[in-house]
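Here is how the chains run, residue by residue.
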Amino acid sequence: MFTLELYFLNEEEKSVKISVDDPRADVTGEELATAMASIIAADVFTSSGGNLVSAVGPKVIERNVTEIEIA
């Protein structure tokens, strides 16, 4: 399973993360930069430290889960 994590700074310069499950595999850095700028410009997300004011960057997280049977 993959998760896209978008990191921003808010008005108090604290980190804010927005997570997106199962992102498109071929998403580019340019597309993400544009999307993050649009999120900031739309001003629809807020946090305990205020509105989002700048993009820090994205990360793609891969998580593998293996269930183990117990006797």
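Please refer to the structure placed before this passage.
Being a predicted model, the structure only gives us computed values, none of them experimental. (Residues numbered from 1 in each chain as written. Predicted model: local features only at pLDDT ≥ 70, side-chain atom pairs only at ≥ 80, totals over all residues. Heavy atoms only, no water.)

Remarks on the overall build of the protein
As a reminder, the rule being used: Numbering of helices and strands starts at the N terminus; helices are DSSP runs of H or I of at least 4 residues and strands are runs of E of at least 2. Radius of gyration: C-alpha atoms only; globule rule: 2.2 Å multiplied by the number of residues to the exponent 0.38. Only protein chains enter the area calculation, which uses a 1.4 Å probe; residues under 20% of their type maximum are buried, those over 50% are exposed, and those in between are partly exposed. Working rule for contacts: check all heavy atoms of both residues, and any pair within 4.5 Å makes them a contact.
The helix and strand inventory of the protein stands at one helix and four strands. Compactness check: the protein gives a C-alpha radius of gyration of 15 Å against a globular reference of 11 Å for 71 residues, more than 25% above the reference. Taken along the three principal axes of its C-alpha coordinates, the protein extends 50 × 30 × 15 Å. In the protein, which comprises 71 residues, the proportion classed as buried is 24%. A fraction of 56% describes how many contacts in the protein between residues 6 or more apart in sequence connect residues 24 or more apart.

So, the nonpolar core
Soluble globular proteins: nonpolar side chains tend toward being buried together. Formally: Definition used in this section: a nonpolar core is a set of buried Ala, Val, Leu, Ile, Met, Phe, Trp, Tyr and Cys residues joined via side-chain atoms within 4.5 Å.
Listed in full, the nine residues of the largest apolar core are Leu 4, Leu 6, Phe 8, Val 16, Ile 18, Leu 32, Met 36, Ile 39 and Leu 52. Every residue in contact with Phe 8, bar those within four places of it in the chain, is listed here: Lys 14, Ser 15, Val 16, Ile 18, Met 36, Ile 39, Ile 40, Leu 52, Ser 54, Ala 55 and Val 56.

Observations concerning the pairing of strand 2 (residues 15-21)
Residues in a regular strand project their side chains so that they alternate between the two faces of the sheet. The condition that has to hold: Two strands pair if DSSP finds at least two bridges between them.
Note: strand 1 (residues 2-10) against strand 2, seven bridges, orientation antiparallel. Bridge pairing links Thr 3 to Asp 21 in strand 2. Adjacent in sequence and paired antiparallel, strand 1 and strand 2 are bridged by four residues, among which Glu 13 carries a positive phi angle near 60 degrees.

What about the side chain of Glu 5?
Rules: Definition of a polar contact: a pair of N or O atoms within 3.5 Å, with one able to donate and the other able to accept a hydrogen when the atoms are protein atoms, and with sequence-neighbouring residues admitted only if both atoms are side-chain atoms.
Looking at the element boundaries, Glu 5 is found in strand 1. Within the structure, the side chain of Glu 5 is placed 2.5 Å from the side chain of Tyr 7, a separation counted as a polar contact. Residues in contact with Glu 5, not counting those within four places in the same chain, are Lys 17, Ile 18, Ser 19, Gly 57, Pro 58, Lys 59 and Ile 61.

Concerning unusual backbone geometry
The backbone phi angle of Glu 13 is positive, close to 60 degrees, even though this residue is not glycine. By secondary structure assignment, the location of Glu 13 is in the loop between strand 1 and strand 2. Residue Glu 13 is classed as exposed on the basis of its relative accessible area, which comes to 65%. The backbone of Asp 43 sits at a positive phi, close to 55 degrees, despite the residue not being glycine. Along the polypeptide, Asp 43 turns up in the loop between helix 1 (29-42) and strand 3 (46-47).

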